[in-house]
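What the coordinates show
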Amino acid sequence: MRVALGLSYNGQNYQGWQSQASGLTVQDRLELALGSFTDQKISTVCAGRTDAGVHALMQVVHFDTTRDRTPYAWIRGTNANLPRDIAVQWAMPTRDGFHCRACATSRRYAYVLLESPIRPSVEIGRVGWTFRPLDPDALRAAADVLLGEHDFSSFRASQCQALSPVKKMLAIDLAKRGAYWRIEFEANAFLHHMIRNIMGCLVQIGQGAKPVSWMAEVLAARDRKAAAPTFSPDGLYFLGPRYEPQWGMPERTPAYDGLP
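In short, a report on the structure.

Rules used throughout
- Residues numbered from 1 in each chain as written.
- Predicted model: local features only at pLDDT ≥ 70, side-chain atom pairs only at ≥ 80, totals over all residues.
- Heavy atoms only, no water.
- Core = buried A, V, L, I, M, F, W, Y, C linked by side-chain atoms within 4.5 Å.
- Buried < 20%, exposed > 50% of the residue type's maximum accessible area, 1.4 Å probe, protein only.
- Helix = DSSP H or I, 4+ residues; strand = E, 2+ residues; numbered from the N terminus.
- Pairing = 2+ DSSP bridges.
- Phe/Tyr/Trp six-rings, centres within 6.5 Å; stacked < 30°, edge-to-face > 60°.
- Lys NZ or Arg CZ within 6 Å of the ring centre and 35° of its normal.
- Polar contact = N/O pair within 3.5 Å; in protein donor to acceptor, adjacent residues only side chain to side chain.
- Salt bridge = Lys/Arg side-chain N within 4 Å of Asp/Glu carboxyl O.
- Disulfide = S-S within 2.5 Å.

Turning our eyes to something else, we now look at the nonpolar core. Ranked by internal contacts, the top residues of the largest apolar core, which has 59 residues, are L5, L7, F155, M169, F185, M199 and L202. Top element by residues in this core is helix 4 (residues 194-206). It accounts for eight residues. One finds W90, C100, Y237 and Y243 within the second-largest nonpolar core, a separate group that totals 22 residues.

Before going further, it helps to spend a moment on the pairing of strand 3 (residues 55-64). Summarising burial for strand 3: nine of the ten residues are buried, a large majority. Where strand 1 (residues 2-9) and strand 3 come together, seven bridges link them in antiparallel fashion. Looking across to strand 3, one finds that Y9 is bridged to A56. Where strand 2 (residues 45-46) and strand 3 come together, two bridges link them in antiparallel fashion. In the sheet register, C46 faces strand 3, and the bridge partner there is V61. The pairing of strand 3 with strand 10 (residues 236-242) spans two bridges and is parallel. Residue pairing for strand 10: H55 is matched across the bridge by Y237.

Attention shifts here to the packing of aromatic side chains. Following the criterion strictly, the structure yields nine aromatic pairs and no others. Measuring from ring centre to ring centre gives 4.9 Å for Y109 and F238, while their planes differ by 40°; the resulting arrangement is tilted. Pair noted here: Y109 is in strand 5 (residues 106-115) and F238 is in strand 10, with a separation of 129 residues, a long-range link. Considered together, Y109 and F238 belong to a single accessibility category, that of buried residues. Put simply, the rings of F37, F63 and W74 pair up and form one aromatic cluster. A cation over an aromatic ring shows up here: R69 above the ring of F37, its NZ or CZ 5.3 Å from the ring centre.

As for its position among the elements, Q246 is in the segment after strand 10. Take Q246: its relative accessible area is 46%, and that puts it in the partly exposed class. Residues Q246 and R95, 151 residues apart in the sequence, show an inter-C-alpha distance of 9.1 Å.

For S8, the position within the fold is in strand 1. The class of S8 is buried, set by a relative accessible area of 12%. One polar contact links S8 to Q89, side chain to side chain, over a distance of 2.7 Å.

What follows is about unusual backbone geometry. Its identity is not glycine, yet D39 carries a phi of approximately 60°, on the positive side. Phi at R222 is positive, roughly 55°, even though this residue is not glycine.

A separate point is the pairing of strand 5. Of all the ten residues making up strand 5, ten are buried; the element is thus mostly covered by neighbouring parts of the structure. Burial along strand 5 is two-sided: S106, R108, A110, V112 and L114 and R107, Y109, Y111, L113 and E115, pointing in opposite directions, are all buried. Bridging between strand 5 and strand 10 involves six bridges; their strand directions are antiparallel. Across the sheet, residue R107 finds its bridge partner in strand 10, namely P241. With three bridges connecting them, strand 5 and strand 6 (residues 128-130) associate as parallel partners.

The tally for this structure, following the rule as stated, stands at nine salt bridges. Of the charged contacts in the structure, one is a salt bridge between R242 and E186, with a shortest N-O distance of 2.8 Å. Here R242, found in strand 10, pairs with E186, found in strand 9 (residues 180-187); they are 56 residues apart in sequence, far enough to count as distant. Put simply, E186, R242 and E251 are held in one network by salt bridges that share partners.

This brings us to the state of the cysteines. By the definition in use, this model includes zero disulfides. Of the cysteine sulfurs around C160, a residue in no disulfide, the closest is that of C46, at 14 Å. For C160, a relative accessible area of 14% gives the class buried.

Set out below in structure tokens:
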């Protein structure tokens, strides 16, 4: 049977999602926990890989197994073998043909940014930081430039393995509560470091270091050298994929309520 899990994790202690020889990745820890629970070797597939230091509120994974467990047993049994900073939020058997990556219609991320002259302390590793104030109108105008289908080569890491740099940005939503900005992105897919490279440009524009028109120039250049340096991974959260209703997958978890 094929089982899908919704997973949340704090990425500070891990070298990203994808398995590595070091074993210090979220995938390695999840597969070790599943193996301990099932006494089987379990291989997982995820909906969206995350980099070192990046968090997830609803990473969706699937795996195949001959073990028959209730959804609640999958949650409790797997979590009993996971470290405290990784937790299964939900589990469900899937219908034939479900693939957590191929069936996703879009993916969502949020970046949480502290705007303060003082660096973060208790929230270190969980928020980005700008010590200069940001102009909300400039941020909104610059973000709007990115909506729609574009060649995002200027925001693509050199090690990106995507077959095409053309992606469709469906939405960028900005909100501020107190000193914290929350910027949400939704696209059909993302390139490696795409959001962190966009954030670098947005922050420079919001601070007034670059004009709003610069965003269109960077996008049109299709050259990574035209954009700002890659921004910190600390405030980046994978919110999870969206699926067609026929798959019956949740769209959020309680972890969403913990972000500003």
